[in-house]
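A closer look at the structure
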Amino acid sequence: MTNRQNRTGDAVILKSGRDKPVRQRHPWIFSGAIASLPAGVEDGEMVEVVDAAGTWLARGYLNRRSQIQVRLLTWDEKEAIDEAFWRRRLTTALDLRRTLPEMEGCTALRLVNAENDYVPGLTVDRYDDYLVVQAGTLAIDRHKTLLASLLLELTGCRGAVERSDMAVRKLEGLASATGVLAGAPPPERIDVREDGLLFQVDLVRGQKTGFYTDQHTNRRRVAAYSYDRRVLNAFSYTGAFAVHALRAGATHVTNIDSSVDALTLAETNLRRNGFDPDRHAEGVAGDVFAVLRDWVEQDDQRFDLIVLDPPKFAQSHASVDRALRGYKEINRLALRLLRPGGILATFSCSGLVSADLFQKVVFGAAVDAGRSVQILEWLRQSPDHPVAITFPEGEYLKGLIARVTP
Ligand code: SAH
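Bear in mind that the values here come from a model prediction, so they are computed numbers and not experimental data.

1. Some thoughts on the environment of Thr-209
- Checked against the element boundaries, Thr-209 lands in the loop between strand S13 (197-202) and helix H5 (216-223).
- Residues Thr-209 and Asp-125 lie 84 residues apart in sequence; the distance between their C-alpha atoms is 7.1 Å.
- Leaving out residues up to four positions away in the same chain, Thr-209 has contacts with Asp-125, Tyr-127, Val-132, Gln-134, Val-201 and Leu-203.
- At a separation of 2.5 Å, a polar atom in the side chain of Thr-209 contacts the side chain of Asp-125.

2. Quick notes on the site of the ligand
- Taken together, 15 residues lie around the ligand, and Arg-219, Asp-257, Asp-287, Val-288 and Asp-309 are the ones closest in.
- Between the ligand and Phe-235, the relevant distance is 3.3 Å, taken from a nitrogen atom to a main-chain nitrogen or oxygen of the residue.
- At 2.9 Å from a nitrogen atom of the ligand is found a main-chain nitrogen or oxygen belonging to Val-288.
- When the free accessible area of the ligand is taken as 580 Å², the share hidden by the protein chains comes to 89%.

3. Some thoughts on the pattern of salt bridges
- Under the definition given, this model contains 34 salt bridges.
- Two residues, Asp-129 and Arg-126, come together in a salt bridge whose shortest N-O distance is 3.2 Å.
- By relative accessible area, which is 25% here, Asp-129 ends up partly exposed.
- Of the charged contacts in the structure, one is a salt bridge between Arg-163 and Asp-165, with a shortest N-O distance of 3.1 Å.
- Among the residues examined, Arg-163 registers a relative accessible area of 7% and is labelled buried.
- Several salt bridges converge on common partners, so that one network encompasses Asp-141, Lys-144, Glu-162 and Arg-169.

4. Here's the deal with the nonpolar core
- Core analysis: the biggest nonpolar cluster contains 36 residues, and Tyr-127, Val-222, Val-253 and Phe-347 have the highest contact counts within it.
- Mapped onto this core, the elements with two or more residues apiece are strand S9 (130-135), strand S12 (189-194), S13, helix H6 (240-247), strand S17 (303-308) and strand S18 (338-348).
- Leaving out residues up to four positions away in the same chain, Val-253 has contacts with Val-231, Ala-242, Ala-245, Leu-246, His-280, Ala-281 and Glu-282.
- In this structure, Phe-85, Met-103, Leu-131 and Leu-150 belong to the second largest nonpolar core, which totals 31 residues.

5. A closer look at the packing of aromatic side chains
- Applying the stated criterion across every chain yields a total of eleven aromatic pairs.
- Measuring from ring centre to ring centre gives 4.9 Å for Trp-28 and Phe-391, while their planes differ by 75°; the resulting arrangement is edge-to-face. Residue Trp-28 is located in strand S2 (residues 28-30), and its partner Phe-391 is located in the loop between strand S19 (373-380) and strand S20 (398-404); the two are separated by 363 residues in the primary sequence.
- Looking at Phe-391, the relative accessible area reads 5%, which means it is buried.
- A centroid spacing of 5.8 Å and a plane angle of 80° characterise the contact between Tyr-327 and Phe-358, whose relative ring orientation is edge-to-face. Placement of the pair is Tyr-327 in helix H10 (residues 320-337) and Phe-358 in helix H11 (residues 355-369), with a sequence separation of 31 residues. The burial state of Tyr-327 is the same as that of Phe-358; both residues are buried.
- Members of the aromatic cluster, each reached through a chain of ring pairs, are Phe-235, Phe-289, Phe-313, Tyr-327 and Phe-358.
- Over the ring of Phe-241 we find Arg-219, and its NZ or CZ is 5.8 Å from the ring centre.

What counts, and at which threshold
- Residues numbered from 1 in each chain as written.
- Predicted model: local features only at pLDDT ≥ 70, side-chain atom pairs only at ≥ 80, totals over all residues.
- Heavy atoms only, no water.
- Helix = DSSP H or I, 4+ residues; strand = E, 2+ residues; numbered from the N terminus.
- Contact = heavy atoms within 4.5 Å.
- Polar contact = N/O pair within 3.5 Å; in protein donor to acceptor, adjacent residues only side chain to side chain.
- Near = heavy atom within 4 Å.
- Areas by Shrake-Rupley, 256 points an atom, 1.4 Å probe, with all protein chains shown as cover.
- Salt bridge = Lys/Arg side-chain N within 4 Å of Asp/Glu carboxyl O.
- Buried < 20%, exposed > 50% of the residue type's maximum accessible area, 1.4 Å probe, protein only.
- Core = buried A, V, L, I, M, F, W, Y, C linked by side-chain atoms within 4.5 Å.
- Phe/Tyr/Trp six-rings, centres within 6.5 Å; stacked < 30°, edge-to-face > 60°.
- Lys NZ or Arg CZ within 6 Å of the ring centre and 35° of its normal.

Right, here's the structure in full:
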């Protein structure tokens with residue numbers, strides 16, 4: 001038994017009856033579950049967590065400014081949070097990636113998936129021999145130089161840069177931070193391979209960390225339907241779905257994105273893989289909603305396969321309804337633009353929209369479009385983005401491959 005007097009002075013004390021998620025190893029403690037915070041611990045530092053009776057439960061880090069006041073790192077009282085701890089956690093995460101058959105031959109992948117790899121707040125992507133780090137919380141921000149040098153040592157990579165320019169940093173009271181964390185500064189653009197295809201990743205101007213590795217296995221699945229089809233790749237970013245589709249025998253691809261930089265890089269990516277952008281592809285800079293509406297009205301564009309991979313529409317609980325209307329609208333428009341027998345590959349990366357709910361939205365879109373639709377496949381994020389079973393919030397990307405019944 002743990003001595004209560006010794007523990008409660010420097011510990012986060014939970015309210016009575018609020019200890020179950022902690023015991024079940026959910027890594028987050030919200031302010032509503034907390035009876036009292038330790039006076040002597042500063043934000044960003046380590047804290048002990050005890051239940052209302054003073055029994056030790058877990059250890060993690062504190063940030064009073066965040067709604068998630070504590071993120072938990074260990075449930076083993078003997079496990080100290082020292083350099084050896086971080087090294088063990090990172091090693092475990094790296095070991096998984098070495099054994100993932102799906103990611104073989106792929107030089108762009110997620111190495112550390114934050115809470116889902118038991119390192120809350122830390123995201124790390126590998127692009128060839130360089131690492132891109134995102135520090136999502138105050139405590140990780142404080143440890144980022146140590147973490148980056150450990151990562152270089154464990155992976156043998158040449159350098160680690162930071163792209164901590166995510167909006168969530170504001171919730172932690174942190175400003176954006178970018179730049180080299182350890183090792184050699186990388187070139188602005190890095191070539192990566194995915195299933196034998198070549199993609200350029202822009203480490204400075206690219207979105208997020210530069211490339212969407214979470215769609216890797218889905219690009220492969222969608223490619224399998226692409227032979228002899230005219231493809232629309234909406235929300236294309238740098239055209240990864242398009243390049244996969246062309247290699248699989250698509251007759252033509254149209255990329256739409258609001259980012260001209262992304263479309264320019266998409267052209268580079270087409271060329272690098274032997275596809276002449278003038279012959280095989282078209283890039284449309286614009287708003288997908290407006291472009292699709294226009295095409296439906298003009299009735300002059302039809303496709304055999306449409307990929308819809310929008311950004312996260314639901315950023316918060318308050319924006320879920322609006323997000324659902326957005327998902328329904330693009331899916332309705334896409335279904336109208338598909339020829340009979342056409343394939344829709346549709347995604348949502350909003351964690352707040354469950355797979356069930358997303359399917360209902362696509363159903364609603366089919367009703368409104370007057371199309372009958374058969375679901376062929378249910379898709380999820382690639383396995384380099386694992387989901388800790390204790391942390392259902394880690395599951396965010398879902399998709400459907402569906403067919404418009406002729
Ligand atoms: N499918 C891509 C990733 C898409 S990320 C891949 O496999 O790499 C989402 C993309 O949508 C971003 O490139 C962003 O620039 C674009 N975007 C966001 N809102 C948009 C809109 N309303 N119209 C067109 N593009 C949009």
